[in-house]
Amino acid sequence: MRARLLAGWVAAGAALLGAGCAPLPGATGSGAVPAAGAAAPATELQSIAPGVYLLPGRHAVWDAAHAQVANTGFVLGSRCAAVIDSGGSLRHGRELLAALRSVSALPVCFLVNTHVHPDHVMGNGAFATANGGRPPQIVGHLKLAAALAARGPYYLRALQREGAAEVPQRIPPPTLAVADHMELDLGGRTLELRAWPTAHTDADLTALDSASGTLWLGDLAFDGHLPVLDGKLIGWQQVLQALGREAGVRRAVPGHGRVMSDWPSALAPTAGYLAELRREVEAALGKGLSLTETLEATRLPGQWQLAEDFHRRNLTAAYVELEWAR
């Protein structure tokens, strides 16, 4: 069953947030008061900067049994909150909302989807009633709506085949599209959104909280978990170079893994893997090896988790891209 989910691309999981982030069993951010009777979140909430919170995921392949694999979180302003990704299931989304309500009663004015993969968007529907029946604006890359329309039905059918306990009827699409840059006003703090050319996917979006210098990366960089190529290898390398020049970044939150404080050197492992992937495929093409021969000859990179699940798939995507580029 897992193979069926992987076949159409499913995102994989995240490690728990590392040291330096204190648990928050009821702390309040930005002067807001917790909502009365708010449900306690099932996973430990982490404070990574004033008014910036992370609900960490786990390293695993996303499927019906492993939905909470991506990092999700939220940023609190004086007027409202912005949620960054909604998680891999409706339950994950509800737990994220409960985590927000455990520290703040602010309305959720924005839900930012960093890209199309199901571990980041499947919880969108959980926020439909976040503000007493007034859903937040769902914000995404200009190409996200088309990507969700193409992939969403597959994700839902895959969960049905897997026998998931709860399958959304639909994945709510973005209501606000980012073509290049956009600023979201949360009251006293601003999220700076940037839409990127095709890299990890064709709909990658980052969000920088300028007040704290926290950059939400989506899956443009990975920590511990093998990077997964679902866009363009060369494009991703170029985007990483541009990301490294981003100003005002004091920490970065990858979609999978620990918070990155050593910016921009924290991008080096992802960049290094992509460079090695490109060298391997270009060497195989130079020898005239077929895709099958290339896959048979590869050795899994041992320093990454979930390499067995994703490395050969990455090789296939890179081989097709680079073969056409010759």
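Quick notes on the rules
Residues numbered from 1 in each chain as written. Predicted model: local features only at pLDDT ≥ 70, side-chain atom pairs only at ≥ 80, totals over all residues. Heavy atoms only, no water. Helix = DSSP H or I, 4+ residues; strand = E, 2+ residues; numbered from the N terminus. Buried < 20%, exposed > 50% of the residue type's maximum accessible area, 1.4 Å probe, protein only. Contact = heavy atoms within 4.5 Å. Pairing = 2+ DSSP bridges. Axes fitted to C-alpha atoms, helices over the stretch in contact; angles between N-to-C directions. Salt bridge = Lys/Arg side-chain N within 4 Å of Asp/Glu carboxyl O. Right-handed = clockwise from strand over helix to strand, strands pointing away.

S.K.: Give a description of the environment of Ala130 that names residues and reports values.
M.R.: Along the chain, Ala130 falls in the loop between α3 (118-121) and β7 (137-141). Among the residues examined, Ala130 registers a relative accessible area of 11% and is labelled buried. Along the sequence, Ala130 and Leu97 sit 33 residues apart, while their C-alpha atoms lie 7.5 Å from each other. The residues touching Ala130, leaving out its near neighbours within four places in the chain, are Leu97, Arg101 and Val108.

S.K.: Would you mind going over the sheet that holds strand β11 (residues 205-209) in detail, with residue names and values included?
M.R.: Strand order in the open sheet formed by five strands is β9-β10-β11-β12-β13, and the pairing between neighbours is mixed. Where the open sheet ends on each side, the last strands, each with one partner, are β9 (181-185) and β13 (251-254). Along the sheet, successive strands turn relative to each other by an average axial angle of 20°, direction set aside. As paired elements, β11 and strand β12 (residues 214-218) share three bridges and run antiparallel to each other. Within the sheet, the bridge partner assigned to Leu208 lies in β12 and is Leu215.

S.K.: Let's hear about the pattern of salt bridges: which residues, and what values?
M.R.: One pass over the structure, following the stated rule, counts nine salt bridges. Linking Asp230 and Arg313 is a salt bridge whose minimum nitrogen-to-oxygen distance equals 3.2 Å. A residue pair is termed long-range when its members are at least 10 positions apart, and Asp230 in the loop between β12 and α5 (233-243) and Arg313 in helix α8 (residues 307-325) qualify at 83 residues. Residue classification places Asp230 among the buried residues on the basis of a relative accessible area of 16%. It is possible to trace a salt-bridge network through shared partners that takes in Arg151, Asp230 and Arg313.

S.K.: Give a description of the pairing of β13 that names residues and reports values.
M.R.: Side chains Arg251 and Val253 project from β13 onto one buried face, and the interleaved Ala252 and Pro254 project onto a second face that is buried too. The pairing of β12 with β13 spans four bridges and is classified as parallel. Paired with Thr214 across the two strands is Arg251, which belongs to β13. After leaving β12, the chain enters α5 and then returns to the sheet as β13, a path that is right-handed.

S.K.: Can you break down the pairing of β11 residue by residue, with the values?
M.R.: Two faces, one strand: in a regular strand the side chains alternate between the faces of the sheet. Counting buried positions over the five residues of β11 gives five, a clear majority of the element. Burial along β11 is two-sided: the face carrying Leu205, Ala207 and Asp209 and the face carrying Thr206 and Leu208 are both buried. As judged from the five bridges shared by strand β10 (residues 190-195) and β11, these two strands associate in the antiparallel manner. Following the sheet pairing, Arg194 is matched in β11 by Thr206.

Shape is all these values report; function is a separate question.
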